[in-house]
Every structure is written in structure tokens, then in C-alpha cells.
Amino acid sequence: MSRNGTKYNPVPGGTATGISQISPIPRKTVGSGALPNEKNGTNYHTVPLETERNPSYVSLISREIAGSGPAQNEPALITSSWGIGWKIPALMTATYFLALGIAVTHYLLFHYIDRKPADGAHPVVRQSYVATASNILSNAFGFAIRASMAVAFTQYLWHLLRAHSMKVSTIELLFCLRTNPVHLFNYTAYAATPSLCALAIFIWGTQVVTGFPPGAISVITSQAIHYKVMPAPSFNASFMGNGSGVDAQKFALMPIALVDTNSFRRAIADAAYDNLLLRMSYQVMVSGETLPMPSICGVNCSYIMEFEGPYLGCEHSTSADWYNTTSYQIDVGNLSVYIYQGSVYDPGQVAGPGPPLPNKGTYSANYYNGTTLYPLVANKAALTNSANTSVLARSDNVKCSFQRAKYTINHQYINSVHSRSIIAEPIDKLVNLIPPTHDNAISVPEIGVPKGFDFGTTPANWSDSAKAVYRDLQHCQIIDSMLYYIDGNFTARQRQDSWKELGGAIPSLAQHLYQASTPYSKHAIKDFSDFSLARADGIQGVIIERTRFNTAFDNLQPIADSGKPQFIVNQTTLNDQLINITMSVMMAYNQWSTQVNATVVDSVNVYSFSQPLVLILPYFISLAVALPFMILGFAALVRNGVSATDGGFMQIIATSTGSAVLDRAAAGGCLGGDENAPRELQELKIRFGEFVGRGDAGVKRAGFGVDGEVKPLRKGAQYGIARWI
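Computed from a prediction, not measured in an experiment: that's the story for all the values here.

Rules of the game
- Residues numbered from 1 in each chain as written.
- Predicted model: local features only at pLDDT ≥ 70, side-chain atom pairs only at ≥ 80, totals over all residues.
- Heavy atoms only, no water.
- Buried < 20%, exposed > 50% of the residue type's maximum accessible area, 1.4 Å probe, protein only.
- Helix = DSSP H or I, 4+ residues; strand = E, 2+ residues; numbered from the N terminus.
- Pairing = 2+ DSSP bridges.
- 1 Å grid on protein atoms, 1.4 Å probe; cavity = no way out; pocket = protein on both sides within 12 Å on 5 of 7 lines; lining within 4 Å.
- Points joined across faces, edges and corners; volume = space filled by probe spheres on them.
- Disulfide = S-S within 2.5 Å.

K.L.:
Which residues make up the pairing of strand 20 (residues 699-706), and what values do they have?
P.N.:
For a regular strand, side chains alternate in direction, first toward one face of the sheet and then toward the other. Among the eight residues that make up strand 20, six are buried, leaving the element largely enclosed by the rest of the structure. Of the strand pairs in this sheet, strand 19 (residues 685-696) and strand 20 are connected by seven bridges, and their pairing is antiparallel. Bridging from a neighbouring strand, glycine 695 pairs with lysine 700 of strand 20.

K.L.:
Which residues make up the layout of surface pockets, and what values do they have?
P.N.:
Any empty space left between atoms is shown by rolling a water-sized probe over those atoms. Considering only enclosed or pocket space, the largest pocket measures out at about 1,100 Å³ in volume. Looking at the lining of the largest pocket, the elements that each hand over two or more residues are helix 2 (127-163), helix 3 (168-175), helix 12 (649-655), helix 13 (660-666) and helix 14 (679-683). Here the lining of the largest pocket takes five residues from helix 3, the largest share from any one element.

K.L.:
Account for the state of the cysteines, naming residues and giving values.
P.N.:
Enumeration according to the criterion identifies two disulfides in this entry. Sulfur-sulfur distance for the disulfide between cysteine 297 and cysteine 301 comes to 1.9 Å. For the disulfide bridge between cysteine 297 and cysteine 301, the dihedral angle about the S-S bond is near 75°, and by the sign convention the bridge is right-handed. The burial state of cysteine 297 is the same as that of cysteine 301; both residues are buried. Bridging cysteine 314 to cysteine 400, the disulfide has an S-S length of 1.9 Å. Between cysteine 314 and cysteine 400, the disulfide has an S-S torsion of 105° and is therefore right-handed. One end of the pair, cysteine 314, is in strand 8 (residues 301-324); the other, cysteine 400, is in strand 12 (residues 390-414), with 86 residues separating them in the sequence. Side by side, cysteine 314 and cysteine 400 carry an identical accessibility label, which is buried. For the protein chain, the bonded cysteines connect in the pattern 1-2, 3-4 when numbered consecutively along the sequence.

As C-alpha cells, then:
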């Protein structure tokens, strides 16, 4: 076929050497309708080529015999191929699943570092690295999901360009939806294609949504628990160093005296008290607290320790009796009464100069006897006669033997503040410390040097009974150091101006005692329950009022009850003071230690994946919303039959050069820019399709054109250009 449509017979015989000569006529530019200038005198020959296709489909090439013209081996037909290929589907799918993988990786990262140290000596990952990695993963997710959606957006956009005629301005608006978010507020875009606008909104929204996942991880202060075996201050009354006489004397709280080379005894009364122990006991009793016990295991920790320590086992009794007052001053009008009386029996001290009093019993004869009075009422009528003055008081009596007990103490430190809980389990009374032997001696072979009168430096042969005496001497010394300051009397005096006149019957508790002393009268009872105005004195150095035995110990407000002395002396309060002194001995002497299992609670900064939904929801909602858009893109790709390139210039120029109408309308804005776009071009409605009546050698032309100029594409048809025929 010639350029003008005239049919020519092919070369006879169909051989490659057969040539038919045709007269030179101008070649027609296919589809343009214009005839270019040709050089005169040039002859062209058509040569049929062998092909494996249908014989009717013939590829034509030109051979230049002379002059100018198409180059040798130049294809006569340039056509587009149908087929979606593998790159675009793979890109859309791969980026989607890449986003899914990044989301899962981000979740697994946070799950892995959850509750693991964020700093310190062994952080799982440093905070700066986690923050950087989290931002990278979040941004990578956004990049991947937007890449997948961009491909889907492009395929669906080109599907719309084939299916509908739209103004050039509208097409421009759709092309710019992903690059300029302002266009999302233009109603024209929504009217043209709501689905594409929704996809554009989603693409822009992912840039905001992906900012949330890094916030799913935080750093909090947590408590890490671990365990240590470490030494702790303790008390061991049996400890005597290497067992020699020198070490036994060195570590003894109660001094011991050497009797001879093979025996010792408790020291005489004048040497019974160690000044350090007494001063420490005084401080502990007056302060009401043990000496400070710094933590051995850190700021927050706890440990349990067990040891044998001194203990008082007491018997209690209570009664209400009339007591004659110790003094009555007529000019002042005061009653006085002992509201505390305490006495300590220690055979090692009452003997005076010389050896202690022997004891034939199995156990120690030491004991403490204490009485506290709480005045109730007084015989007011008898106040005019001092010899007949009396007070009804409740008497609380306690008698305590010296014992030893097993103490279990749970020490706890919270922010370096010490607290403790104590369990005491009585074991037995102290053994006889002054046996009925010659010079009250306790036999310990080789406790002294062979010659001379000094303690030996080599280990002595301690029997179990001798060890028990040595042990209980230390317990006895701690008990004595506490009782030393409450051995005596405490006097209280009631001022006359604090009397309270009581009418009615005498209280039943005092009635029979009162009637035995004097006939009843209406104003015969003086109320002694209020000692707020009392003047209290400690006799014989007794400091009981300045200790926690006094219920008003912590009451320091200037009110009536703040000066009211009332004592509670029983087994509980006595042993509370005793354990305070014993634990203070641990710290002051620092001679004993024991291994304890400490539970150490370290405050460490750890990662906390406490809000997993902050990561899960943005990622997986984005993936869920993206899935139908990706399906929409795949469907558009299949309908189009050809993949569309996102933002490619070559695609734009190849699809927009076939329409003379479009060419004329666009000529006015040839410099580019929105400002130069002609109004005629903006209002021009075009679509992408097959140009009507345009084609040569069965090759159709496709591109953008106005209505009537293009029609819908036919899938499978041959589109392109016949360069020459």
C-alpha cells in the first residue's frame, strides 16, 4: 500500500531481490494531514520482508537508493504494546507488604525492649538509638504505604481519564492532589471523582498518622530486684575471738576477772559497768530510737537477720488500793505520791566490795520489779490532817526475770529511710552467772598464762557450760545498762488548785475503801485523774519520765496534758527499749557481723511499652484502609490494560501530541506556569482515547482529544504510528 492509499502489487515471486519501482511522491505524515517537502529525484522501492506472522502483517523498511530519506533498517511501524507488565503490580504490592513488615518490626522492637534497662551500666539499647530507630521505622512505613498508594492513585487516575471527559483544569487539579494539599479543599475535585479524592486524603493523612507510633514507648523508673549475700552488723554474745583469755576479755561487754590460770569469774560490782555502754543506753532511752543504722545494701533494699539477744520475761498483776501520801505540806496544800517504783536485784552488785553473792540455782537470780501508780481519787476531808491523807490509785506491778530470746528482724530501707519489724521468741532464762564454787570461779583451762596473772593469748579449752556463762554475762550486761536508769522512784505532786468537787455517790471501786477511812460527805472526794498541773521529779537519777515509758513522751504541745506523767511499764515496753539498746550495741561496738540475704531494689529507667495501641492502631488501620485502595488500583490497572507511570514526562508528551485542537488551545501557554494557562485550555474538555479516522496500515493513534475527536480505546488494538509506507 502506498502512502496515499493506492494499492501496489508486491514484488513478483515474493523474493528479496524483486523490486518494483514507483514514482516519487511526497510522503504523508501519518495523522497530520500535512504534506512535507520532499527532495526531487529520489526513488524509493518497497521490499517485502520475511516474517513469521500472518502474511498480511508486513513490516516495511526503507532502503535509500540515493539522496535523503529514512535511514536503512529504520522500522516503518512504531506501536505501543498492551500488557500491565510486572513492575507496576510488583511495586504496588511490594511497598504495601514492606509497610506491613515495618509495622510488625516496629512492634517487635518495642515488645523486645519493654521492661528492659534504658540506661545505666547495661542498657539493652540506648535511648538515643531507640528514638532514632523508631522515627526511621515510622517514616519508612509512611514512605512505603504512600508509595503503594501513589501507584494505585496513578492507575485509577488514568482509568478516569479514559472513562470520562473532563476539563483540562479539572485534570490539572487531579494531577496535583498529591503534591498540593490545598487542592483537597476544592469542591471540583470531589465532584469529579470522590474516590480519588479519598485516596489523596488518605495519602496526606498517613504523614500525620505515622507520627504517633514512636510515642508508644516511654521511659519510666522501675524497680529491679536482685539478691546479694553480704555482711550485716549483728550481735553475738558468744563471740570471743580466737577463744583465748585476751580475746574473751576484749569482746566482753561485762568485764570478767581472772581467778587463776584455769578459771575466771564475773568482775566485782565496782567494775560491772562499761562507761560507753551506759552512755549509749542513756542516749537511746532518751531519744526513744536506736542509733542510726545506715543501709548496707543501697537506697531501697531489705534483709532479714537472726540473732540471740537479751530479753525480759515478765509477770503482771493489777490492783486498786488506798495509799498514804508520802508528804503533805500545809502551807502549799500538796499531795505527793510515788507513781513509779523500780528496783533491780543483781547478786553481782549487792555484795559490795568483794566477790559477788553466790547462787545455788540453775538459772540467774537477777530480776527487775516495777510498780506504776495511776491516782484516781483522794480523801479530801482528811486533807486538814496530814496524818490521815490517802489516795486511791490503780497499781500495775511487773516482775521480770533476765532471759535470752531469738530475734528475727526484718530491716527495710525505702529511699534510705529505715524501718523494721521484730519477732522475739523467748529461749530460756539466763544461766547462773555466780556459781557456788570457790571464788565463784568458772573453769576454763588455759584461760590464763602458765606463769603470771594475765589472760592468755592462745585458745583456751571452753566447755559448753563455760561458754553459756560467758554468753549470758553479755546479755545480763545489756539488761543492766537499761535498768540502771529506771532503778528508783518517781514522785508526783498534785496542786490544791486542781481539785475537782464531786457530788453524788462515791465511785464503786473506791467506796468500801473510802468508807473505811472516813464518813462520806458530798465533797469528800478529790479527783486525782488530772495530773496536768503536777510537778514531777525523778529521784535517784531515774529518767523514766524522759523515755517512751511515759505516755506523754511525744506530746510537746503547751497544753494541759503535755506535762501529765503516766507510765506504762510492762513486758512489751521494757523489751522495746531493750532491743533498741541491743541494736545500738551492734552499731556502736561494731564487733560482730553475720551474712544476710539482701533483697536489693534498684530504681532503674526502663522502657515501657505501656500503650501498644498507640502503635498498633495507626499502623494497622492505615494498612486496613490502604488495602481497598490498592485493590482499586489493581482493578484500574487491569481495565486500562497498560500500566501508567507516576509523574513521568515521557508519558505526558506521548499522550498529548495527537490533537490539533488541544495543540492550538495549549499554544498560548507554551512557556508553562499556571499564570500562562489560557482560559480556552482550562475550559477545554478532553479525554484519553483513540483518535477517530486516524491510522495507517492498521495502526491507530491514541492520545488526549476533545469529544468527537476520540473514542474509547479498544483493548488489543494496535496503537502507534506508521513512520512511512
